[in-house]
Amino acid sequence: MPLAFFRAVQDTVREALRQGLHGWEVPDCTVAMTHSGYLGKQSLGHQRFNKSMSSTGEDYRKLTPLVLVSALRQAGTVVCEPIHRFRLDAPAEGLGPLLALLARLHAVPLTQARHGAALTVEGDIPAAQVHRLRGELPALTRGEGVLECAFDRYEPVTGVAPTRRRTDHDPRDREAYLQRVTRTWSLTGPSPAG
């Protein structure tokens, strides 16, 4: 296969990974091309070389997203969310309401320590809930609560994976995708085979 075709595939893989299966970037995977089906200089047996029957870099650019989406599905790709490690210092008398709030925000307290009238809680919280915790903390602690958070890791989202609107031709629906790119091909060049 010509080097330009490999580059077309490589560039398209990078573009397609920016939106993954659910519209979110896939930042941590390796993609290996194991075969291509490339046949150069195709023609009918009794004719000379026919360029319209040969693969082009554009063919690979248009079909790569379909192959990549299939591979991501087979790999069991999941949407992950950022998890922050938090440390919360507050008056000990507010422990009950604080733990209730943390539970509502899907936070997981890992340690609790009491220091006289003060309390320290450390744990994990989804990054999407940090803003809400910061907003509700002053009312629960009479303004005495201090929250520190820092990114810790990613974890798979539980329940239905959130999606983000796509900006490409959306290769997740093979038939609709092929109709769109076939229309594009008919306007710009030869139609794809198969």
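Here goes a summary of the coordinates provided.

Here is what the cut-offs are and how they apply
Counting restarts for each chain, with residues numbered from 1 along the sequence as it is written. In view of the model being predicted, local features appear only for residues whose pLDDT reaches at least 70, and side-chain atom pairs are presented and counted only at 80 or more, with totals across whole chains, interfaces and linings using the full set of residues. Water and hydrogen atoms were dropped before computing side-chain values, which therefore reflect all heavy atoms in the structure. With a 1 Å grid spanning the protein atoms alone, the term cavity applies to any set of points in which a 1.4 Å probe fits but cannot get out, the term pocket to an open set with protein on both sides within 12 Å along at least five of seven lines, and the term lining residue to any residue with an atom within 4 Å of a point. Grid points are joined across faces, edges and corners, and a volume is the space filled by probe spheres set on the points. What counts as a helix is a DSSP run of H or I of at least four residues, what counts as a strand is a run of E of at least two, and both are numbered from the N terminus. Polar here means any residue outside two lists: the nonpolar Ala, Val, Leu, Ile, Met, Phe, Trp, Tyr, Cys and Pro, and the charged Asp, Glu, Lys and Arg; Gly therefore counts as polar. Accessible area is worked out with a 1.4 Å probe on protein chains only. A residue is then buried under 20% of its type maximum, exposed over 50%, and partly exposed in between. Directions pointing from the helix axis toward each C-beta atom define the arc. Any two residues whose heavy atoms approach within 4.5 Å are treated as being in contact. Patches in this entry comprise residues that are over 30% relatively accessible and not in a salt bridge; like charges within 9 Å are linked, as are nonpolar side chains (Val, Leu, Ile, Met, Phe, Trp, Tyr) within 5 Å. Here, Shrake-Rupley sampling with a 1.4 Å probe gives the accessible areas, and only protein chains in the shown set may cover a residue. Basic side-chain nitrogens of Lys or Arg form a salt bridge, by our definition, when they fall within 4 Å of a carboxyl oxygen of Asp or Glu. Helix axes are fitted to C-alpha atoms over the stretch in contact, other axes to C-alpha atoms as well, and angles between N-to-C directions run from 0 to 180 degrees. Each angle is binned into one of four classes, with values under 35 degrees roughly parallel, values over 145 roughly antiparallel, values of 65 to 115 roughly perpendicular, and all other values oblique. Whether a crossing is left-handed or right-handed is set by the direction in which the near helix is turned from the far one by less than a right angle, anticlockwise for left-handed and clockwise for right-handed.

## A short note on empty space enclosed by the protein
With a probe scaled to a water molecule rolled over the atoms, the places where space remains empty come into view. All told, the structure shown has 1 cavity of 30 Å³ or more when counted by the stated rule. Looking at the largest cavity, its volume works out to about 30 Å³. Looking at the largest cavity, the residues that line it are Ala16, Gly20, Pro65, Leu68, Val69, Leu72, Arg166 and Pro171. For the lining of the largest cavity, the element with the most residues is helix H2 (residues 57-74), which contributes 4 residues. Split into classes, the residues belonging to the lining of the largest cavity amount to 6 nonpolar, 1 polar and 1 charged.

## Some thoughts on unusual backbone geometry
If you check the backbone angles, arginine 142 has positive phi at about 55 degrees while not being a glycine. Of note, arginine 142 is situated in the loop between helix H4 (127-141) and strand E4 (146-156). Arginine 142 sits in the exposed class, given a relative accessible area of 55%. With a phi angle near 55 degrees, aspartate 170 is a residue other than glycine that sits in the positive phi range. Relative to the helices and strands, aspartate 170 resides in the loop between E4 and helix H5 (174-188).

## Quick notes on helix H3 (residues 95-104)
Among the residues of H3, Leu98, Leu101 and Leu102 are the ones counted as buried. Looking down the long axis of H3, one finds its buried residues gathered within 100 degrees of arc, a one-sided arrangement. Among the structural elements, strand E1 (80-91), strand E2 (108-115), strand E3 (118-126) and H4 are those in contact with the buried residues of H3.

## Structural notes on the environment of proline 91
The residue proline 91 is located in strand E1 in this model. Residue classification places proline 91 among the buried positions, given a relative accessible area of 10%. Linking proline 91 and leucine 140, residues 49 residues apart in sequence, is a C-alpha distance of 9.5 Å. With residues up to four places along the chain from it excluded, the contact list for proline 91 reads Ala117, Leu119, Thr141 and Glu144.

## A look at a nonpolar patch on the surface
A grouping of Leu3, Phe6 and Met33 is seen on the molecular surface, where their side chains present a nonpolar patch of about 280 Å² in accessible area. With respect to the helices and strands, leucine 3 occurs in helix H1 (residues 3-17).

## Re the layout of surface pockets
Considered as a void within the structure, the second largest pocket measures approximately 620 Å³ in volume. Surrounding the second largest pocket, 25 residues form its lining, Glu25, Val26, Pro27, Val78 and Cys80 being those nearest its centre. Elements that contribute at least two residues to the lining of the second largest pocket include exactly H2 and E1. Among the residues forming the lining of the second largest pocket, the class breakdown is 17 nonpolar, 5 polar and 3 charged.

## Considerations on the packing of H3 against H4
Between two packed helices, the angle of one axis relative to the other and the distance separating the axes together describe the packing. Between H3 and H4, whose axes approach to 11 Å, the crossing angle comes to 165 degrees. Here H3 is positioned roughly antiparallel relative to H4, judged by the angle of their axes. In this structure, the crossing between H3 and H4 has a hand that is right-handed. Only Arg132, Leu133, Glu136, Leu137, Leu140 and Thr141 of H4 make contact with H3, whose side of the interface consists of Pro97, Leu98, Leu101, Leu102 and Arg104. For the contact of H3 with H4, the class distribution of residues is 7 nonpolar, 1 polar and 3 charged.

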